[in-house]
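Structure assessment
The residues making up each chain are set out below.
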Amino acid sequence: MTVIDFNAFIGRLATSSGETILPFFRTSLSIDNKNSTDFDPVTEADRAAEAVMRRLIKANFPQHGIVGEEFGTEREDAEYVWVLDPIDGTKSFISGFPIWGTLIALLHRGTPVYGMMHQPYIGERFSGDSGSARYQGANNTTRRLAVRRCASLKDATLFTTSPRLMNNADRAKFQDVEKGVRLTRYGGDCYSYCMLAAGHLDLVIETELKPYDIAALIPIITGAGGVVTTWEGKPAQNGGRIVAAGDPRVHEAALKLLQG
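Okay, so let's go over this structure. Treat the numbers as computed from the prediction; the structure is a model and nothing was measured. Note on numbering: residues in each chain are counted from 1, in written sequence order. The model is predicted, so local features are restricted to residues of pLDDT at least 70 and side-chain atom pairs to those at 80 or more, both for listing and for counting; the totals for chains, interfaces and linings are taken over all residues. Note that water and hydrogens are dropped before the side-chain values are worked out from all heavy atoms of the structure.

Bringing the packing of helix α4 (residues 168–178) against helix α8 (residues 248–259) into the picture now. Orientation is described by lines fitted to C-alpha atoms, with helices fitted over the stretch in contact, and by angles between N-to-C directions that extend from 0 to 180 degrees. The numbering of helices and of strands both runs from the N terminus, where a helix is a DSSP run of H or I of at least 4 residues and a strand a run of E of at least 2. Relative orientation of the contacting elements α4 and α8 amounts to 140°, with a least axis distance of 8 Å. Comparing the axis directions of α4 and α8 gives the class oblique. Crossing handedness for the pair α4 and α8: right-handed. Across from Lys-173, Phe-174, Asp-176 and Val-177 in α4, the residues of α8 making contact are Ala-254, Leu-257 and Leu-258. For this classification, under 35 degrees means roughly parallel, over 145 means roughly antiparallel, 65 to 115 means roughly perpendicular, and everything else is oblique. By convention, the crossing between two helices is left-handed when the near helix turns anticlockwise from the far helix through less than a right angle, and right-handed when the turn is clockwise. Residues are treated as being in contact if the distance between any of their heavy atoms lies within 4.5 Å.

And the structure:
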């Protein structure tokens, strides 16, 4: 398989999942809670979209592995593994806000080599292969993605989905960074990372992420010239506590505070 072949196939996955999800958006759909101690919703749309993508992958690449949020893992030790999050931002989805997306990643020997975030309602796709990153809009407008320069934390715009998702110790570290930036905004889920890659914000800090929450976003961010690691400065594809930045100077400054 060539990269171009994978590009085309990932486009098919995005189109098929989007066609499955959209009939559920802004309707009275059933919602289940996956967590007995907190609200972690899953919908019919999540399950249906992942099932569609799994069927396509198995039909075209039966030797590949799959890691999905809703239906677990298959052949996780395969050379190529697909990592799927059918709706990243389910809480926004069930609230009628279009700040959600489908995350599709392709790993080669454990390393993310291609990622896409698809928002079918708005008609946007953000994709990257670590060497470059691209945006495709609703009218098939396309452009390359590039992070913006930001010399220091005091000039930075910081995003996180919600500090309430952090434990007390991590929230205190996050607040150390928050005190030093120009602007902080909450919400966004996968969209925050894509806006970072597009040059509209400078820093995203999260905790408790799963591999399917971040794997697809890594090639988009690095392809646009940014950096994404764990708080320990390690590779981020396995999830955990994540910090992404457009400028390495901001990334370094944030890490010092998070590790302090």
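Turning our attention to the packing of aromatic side chains. Under the pairing criterion, centres of Phe, Tyr and Trp rings, with the six-membered ring standing for Trp, must be within 6.5 Å; the plane angle then separates stacked pairs below 30 degrees from edge-to-face pairs above 60, leaving the rest tilted. Within the structure shown, the criterion is met by twelve aromatic pairs. A cation sits over an aromatic face here: Arg-143 above Tyr-135, 4.4 Å from the ring centre. Note on criteria: charge over ring means Lys NZ or Arg CZ within 6 Å of the ring centre, with the direction from the centre no more than 35 degrees off the ring normal.

This part takes up the pattern of salt bridges. Should a side-chain nitrogen of Lys or Arg be within 4 Å of a carboxyl oxygen of Asp or Glu, the pair is scored as a salt bridge. Applying the stated criterion across every chain yields a total of eleven salt bridges. The partner of Glu-74 in a salt bridge is Lys-58, and the shortest N-O contact between them spans 3.2 Å. Of this pair, Glu-74 sits in strand β4 (residues 72–74) while Lys-58 sits in helix α2 (residues 44–60), placing them 16 residues apart in sequence. On the basis of relative accessibility, which here comes to 31%, the residue Glu-74 falls in the partly exposed class. Throughout, exposure labels follow a simple rule: accessible area from a 1.4 Å probe, protein chains only, divided by the maximum for the residue type, with under 20% read as buried, over 50% as exposed, and the rest as partly exposed.

Attention now moves to unusual backbone geometry. In the Ramachandran plot, Asp-189 falls in the positive-phi region, its phi being about 50° despite a non-glycine side chain. Within the secondary structure, Asp-189 sits in the loop between β12 (183–186) and α5 (190–197). A positive phi angle is found at Glu-208, which is not glycine, with a value near 60°. In this structure, Glu-208 sits in strand β13 (residues 203–209). Exposure remark for Glu-208: the relative accessible area of 51% places this residue in the exposed category.

Coordinates in, geometry out; function isn't part of it.
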